[in-house]
Amino acid sequence: MSVTRIIHVEQSVDVFSEGIADEGTAEYIASNDITVLVDAKWSEVQYATNSTGMDTRITWELRDWTVIGVYLNNVLLTHENMPSGFPMQAVLSAVDGIGTREQLEQMGPRARRKR
C-alpha cells in the first residue's frame, strides 16, 4: 500500500438527530435543515492486487474532516445571526460521528459542496 496523493475537498454533510440524547435538541435538529460544510481530507491509495505487485488498484480513503461552516435552513451561521439556544455543541458532536463518515464515504472525494 502506498499513498500517491492527498487532496482536500469542501463537502456538505446533513446533520441528523439520531443519537442525540436530549429530546428537545433532537427535535430542534429534526425540524430544521442543518448542514455542515467540512474540509474533507482524502488520500489516494495504491494497493498491489497480487504478490508480484505488478497489478494494482487505486482507491480513495477518507482520512479526516474539519468543520468550516454550519448552515441553518440554508443560511451560514455567524456570531451575528446565531439563534439564541442553537445547539451548536450537539451539532458538532453529531458531525464527529460515524454517520458523517458514512455520508462522506458514500459521496467520495469527487463530490463538491451543495451551496
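About the criteria used
Residues numbered from 1 in each chain as written. Predicted model: local features only at pLDDT ≥ 70, side-chain atom pairs only at ≥ 80, totals over all residues. Heavy atoms only, no water. Pairing = 2+ DSSP bridges. Helix = DSSP H or I, 4+ residues; strand = E, 2+ residues; numbered from the N terminus. Core = buried A, V, L, I, M, F, W, Y, C linked by side-chain atoms within 4.5 Å. Buried < 20%, exposed > 50% of the residue type's maximum accessible area, 1.4 Å probe, protein only. Contact = heavy atoms within 4.5 Å. Axes fitted to C-alpha atoms, helices over the stretch in contact; angles between N-to-C directions. Arc of directions from axis to C-beta. Salt bridge = Lys/Arg side-chain N within 4 Å of Asp/Glu carboxyl O.

Trainee: What is the right way to look at the pairing of strand E2 (residues 34-48) in this model?
Mentor: Looking down a regular strand, the side chains alternate between one sheet face and the other. Summarising the sheet, strand E1 (residues 2-14) and E2 pair through twelve bridges and their orientation is antiparallel. Residue pairing for E2: His8 is matched across the bridge by Lys41. Two elements, E2 and strand E3 (residues 56-72), share 15 bridges in a ladder whose sense is antiparallel. Its bridge partner lying in E3, Asp39 is registered against Thr66.

Trainee: Hey, could you run me through the nonpolar core in this one?
Mentor: Soluble globular proteins tend to pack their nonpolar side chains together in the buried interior. Counting residues in each nonpolar core, the largest one holds 22 residues, and the members touching the most others are Ile34, Val91 and Leu104. Counting only elements with at least two residues in this core, the list comes to E1, helix H1 (23-30), E2, E3 and helix H2 (88-95). In this structure Val91 touches Val15, Ile29, Ile34, Val36, Val70 and Phe86, once residues within four positions along its chain are discounted.

Trainee: What's the story with the sheet that holds strand E4 (residues 75-76) in this structure? I'm lost.
Mentor: What holds strands together in a sheet is hydrogen bonding between their backbones, with the strands either parallel or antiparallel. A sheet is described by the order of its strands in space; here four strands give the open sequence E1-E2-E3-E4, paired in antiparallel fashion. Among the strands making up the open sheet, the edge pair consists of E1 and E4. Helix H3 (residues 98-107) contacts E1, E2 and E3 of the sheet and is inclined by roughly 115° relative to E1.

Trainee: I tried to follow unusual backbone geometry on my own but got confused; where do I start?
Mentor: Negative phi values dominate among residues other than glycine, just as trans dominates among peptide bonds. Non-glycine residue Asn73 carries a positive phi angle of around 50°. Its place among the elements puts Asn73 in the loop between E3 and E4. The phi dihedral of Asn74 falls on the positive side, at around 70°, and the residue is not glycine. Secondary-structure assignment places Asn74 in the loop between E3 and E4.

Trainee: In this structure, what is going on with H2? I would like to understand it.
Mentor: Each α-helix turn comprises 3.6 residues. Residues three or four places apart therefore point the same way. By the burial criterion, the buried members of H2 are Ala90, Val91 and Val95. Across the axial projection of H2, the buried residues extend over an arc of 135°, all falling on one side. Buried positions along H2 lie against H1, E2, E3 and H3.

Trainee: Please explain the side chain of Thr100 as it appears in this structure.
Mentor: Position of Thr100 relative to the elements: it lies in helix H3. Non-local contacts of Thr100, meaning those with residues more than four positions away in its chain, are made with Val13, Trp65, Ala94 and Val95.

Trainee: Even after reading the chapter, I still don't get the pattern of salt bridges, so can you show me in this structure?
Mentor: When charged atoms on two side chains of opposite charge get close, those side chains can pair. This model, assessed by the stated rule, comprises two salt bridges. Among the ionic pairs, Glu44 bridges to Arg5, the shortest N-O distance being 3.2 Å. Here Glu44 is found in strand E2, whereas its partner Arg5 is found in strand E1, with 39 residues between them in sequence. By relative accessible area, which is 14% here, Glu44 ends up buried. Residue Arg5 is classed as partly exposed on the basis of its relative accessible area of 40%. One salt bridge connects Arg101 with Glu105, and the closest N-O pair in it is separated by 3.2 Å. Of this pair, Arg101 and Glu105 both sit in helix H3, four residues apart, roughly one helical turn. Look at Arg101 and you get partly exposed, because its relative accessible area is 24%.

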